[in-house]
Amino acid sequence: MTRIIHADDEQGLKQAAEGLRSGQLVAFPTETVYGLGADALNTAAVKRVFEAKGRPSDNPLIVHIAEFSQLSELVREIPPQARVLMEAFWPGPLTLVFKKSPRVPDAITAGLDTVAIRMPQNPMALRLIREARVSVAAPSANRSGRPSPTTASHVAEDLNGRIEYIIDGGPCTVGVESTVLDITVPVPMILRPGGVTREMLEAVIGPIAADTVLEVSKDQKPRSPGMKYRHYSPRAELVIVRGETGKVTEKINALVREKQEQGLKAGVLTCAENRERYNAPVVIPAGSIKEPSSLAAGLYQALRGFDETDVDIIYSEAFQEEGIGQAVMNRLKKAASGKIIDI
Ligand code: AMP
Ligand code: MG
């Protein structure tokens, strides 16, 4: 049985924190997406996270903390650059990769000698972690491969009956996962673009390495193991159409017609501005292109929206790859398994 805890339920939050301490699984809101939490130093609890999600065991978890003092039990050293970054971006959507302390279970790091850590900004997340008095390993609270959850009901869709608690803190404000930055290398490297943009990082620590690893092929060993998996995907096939706006609209409408002639139903993922330009049975806007943060906040909800229809294929516009748009397009390309039509 999964118990849903509402935002104003102080007693419930305390019980969930107690549950975390005793090895239970608690899904909780963060500013990025909902996380599925377990006591990070309890190997059995961490293993249950992988089971509940159906997550491959070679995909490591991010450890969430609420106090800077929690770092000392988790890492071997805190490089000077890390201090500057933590000062600037914690609490917030930036995950830092450190050399791990021997106390961190291999189950969390998938056998790597590094550990990824962040301090979330969401007040309920911080209260839960403080109340539990443990560091909390938490991947996104979805079944592996599905779009990440940005509401408590997304979590329930995927994990109801598999975990003890879901804390409902309303919709996530950022909507895409944290930026993962490796600071164990001479020049820091973005392993996953996210809520803190490259420009924001460079303004604080100067140049960071090119993120070529983001396009890593299936047979290479990626530095961020999670990036090799099909991810964030709706049930129907997803194809991105990229190019000048007018041409993209025309092409997508032609593709939709073509599918209809074959007896198939096509959906379109777009922005609020272009919604009316499409002639398709299902058209879902992720957000507004005037407000790129709204595209990030609405992306996963939109992808999950197609799962509630019976579309056979989804065509998506490509969005601007600037600022938070880098994270949006990174997720969209993964959701599409890299299928892009350039026109
Ligand atoms: P999720 O929790 O589902 O957002 O996924 C966590 C992401 O962080 C995955 O892409 C992991 O590959 C990445 N990650 C976690 N730990 C490490 C680590 N020690 N080194 C590099 N990447 C990591
Ligand atoms: Mg995930």
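Just so it is clear, the structure is predicted and the values come from calculations on it, not from any experiment.

*Asks:* Break down the side chain of Q70 for me, with residues and values.
*Replies:* Mapped onto the elements of the fold, Q70 is located in the loop between β4 (62-64) and α3 (80-89). Among the residues examined, Q70 registers a relative accessible area of 12% and is labelled buried. For Q70, the side chain forms a polar contact with the side chain of S135, separated by 3.4 Å. Excluding residues that lie within four positions of it along the chain, Q70 makes contacts with I65, I129, V134 and S135.

*Asks:* For the nonpolar core, give the residues involved together with the corresponding values.
*Replies:* Counting 65 residues, the largest nonpolar core has W90, L96, F98, I117 and L181 as the members making the most contacts within it. Tallying contributions element by element places helix α5 (residues 123-132) first for this core, with six residues. Core analysis: the next-biggest nonpolar cluster, separate from the first, contains 29 residues, Y300, L303, I314 and F319 among them.

*Asks:* Requested: an account of the pattern of salt bridges, with residues and values cited.
*Replies:* One pass over the full model with this rule turns up 18 salt bridges. Here E77 and K99 are joined by a salt bridge, their closest N and O atoms 3.7 Å apart. Separated by 22 residues along the polypeptide, E77 in the loop between β4 and α3 and K99 in strand β5 (residues 94-99) bring together distant segments of the chain. The closest approach of N and O atoms between E273 and K290, which form a salt bridge, is 3.9 Å. With E273 in the loop between β12 (266-270) and β13 (282-285) and K290 in the loop between β13 and α9 (292-307), this residue pair connects regions lying 17 residues apart in the sequence. Using a relative accessible area of 31% as the deciding quantity, one classes E273 as partly exposed. Where salt bridges share partners, they join R146, E157, D158, R304 and D307 into one cluster.

*Asks:* Describe the side chain of T109, and please don't skip the residues or the numbers.
*Replies:* Of note, T109 is situated in helix α4 (residues 106-109). Owing to a relative accessible area of 1%, T109 belongs among the buried residues under this scheme. Once residues lying within four places of it in the same chain are set aside, the contact partners of T109 are P60, K100, V104, T114 and V115.

*Asks:* Explain the pairing of strand β3 (residues 35-39) to me, and be specific about the residues and the numbers.
*Replies:* Burial analysis of β3 places five of its five residues in the buried class, the great majority of the element. Side chains of β3 alternate between two faces, with G35, G37 and D39 and L36 and A38 buried alike. Note: strand β2 (residues 26-28) against β3, three bridges, orientation antiparallel. The residue bridging A27 from the neighbouring strand is L36, located in β3. The hairpin turn running from β2 into β3, its antiparallel successor, is six residues long. The sheet contact formed by β3 and strand β7 (residues 136-137) spans two bridges and is antiparallel. Across the sheet, D39 pairs through a bridge with V136, a residue of β7.

*Asks:* Can you tell me about the packing of α9 against helix α10 (residues 325-335), naming the residues and giving the values?
*Replies:* Between α9 and α10, whose axes approach to 10 Å, the crossing angle comes to 15°. Relative to α10, the element α9 lies roughly parallel. Here the hand of the crossing between α9 and α10 comes out left-handed. Touching L295, A296, L299, Y300 and L303 of α9 are V328, R331, L332 and A335, all from α10. Residues belonging to the contact of α9 with α10 are distributed by class as follows: eight nonpolar, no polar and one charged.

*Asks:* Describe in detail the sheet that holds strand β6 (residues 114-118), supporting the description with residues and values.
*Replies:* A sheet is described by the order of its strands in space; here 10 strands give the open sequence β1-β8-β2-β3-β7-β4-β6-β5-β9-β10, paired in mixed fashion. The sheet terminates laterally at β1 (3-6) and β10 (189-192), the two strands that pair on one side only. Sheet strands in contact with helix α2 (residues 43-53) are β3 and β7, and its direction is about 155° off that of β3.

*Asks:* Explain helix α1 (residues 10-21) to me, using residue names and the numbers behind them.
*Replies:* Look at α1: 17 Å from first C-alpha to last across 12 residues, which is about the 16 Å you get at 1.5 Å a residue. Within α1, the full set of buried residues consists of G12, L13, A16, A17, G19 and L20. Down the axis of α1, the buried side of the element spans an arc of 155°, and every buried residue falls inside it. Just downstream of α1 lies G23, where phi reads positive at about 95°.

Thresholds, definitions, all that
Residues numbered from 1 in each chain as written. Chains lettered and ligands numbered in written order. Predicted model: local features only at pLDDT ≥ 70, side-chain atom pairs only at ≥ 80, totals over all residues. Heavy atoms only, no water. Helix = DSSP H or I, 4+ residues; strand = E, 2+ residues; numbered from the N terminus. Buried < 20%, exposed > 50% of the residue type's maximum accessible area, 1.4 Å probe, protein only. Polar contact = N/O pair within 3.5 Å; in protein donor to acceptor, adjacent residues only side chain to side chain. Contact = heavy atoms within 4.5 Å. Core = buried A, V, L, I, M, F, W, Y, C linked by side-chain atoms within 4.5 Å. Salt bridge = Lys/Arg side-chain N within 4 Å of Asp/Glu carboxyl O. Pairing = 2+ DSSP bridges. Axes fitted to C-alpha atoms, helices over the stretch in contact; angles between N-to-C directions. Parallel < 35°, antiparallel > 145°, perpendicular 65-115°, else oblique. Left-handed = near helix turned anticlockwise from the far one by under 90°. Nonpolar A, V, L, I, M, F, W, Y, C, P; charged D, E, K, R; others polar. Expected span 1.5 Å × (residues − 1). Arc of directions from axis to C-beta.

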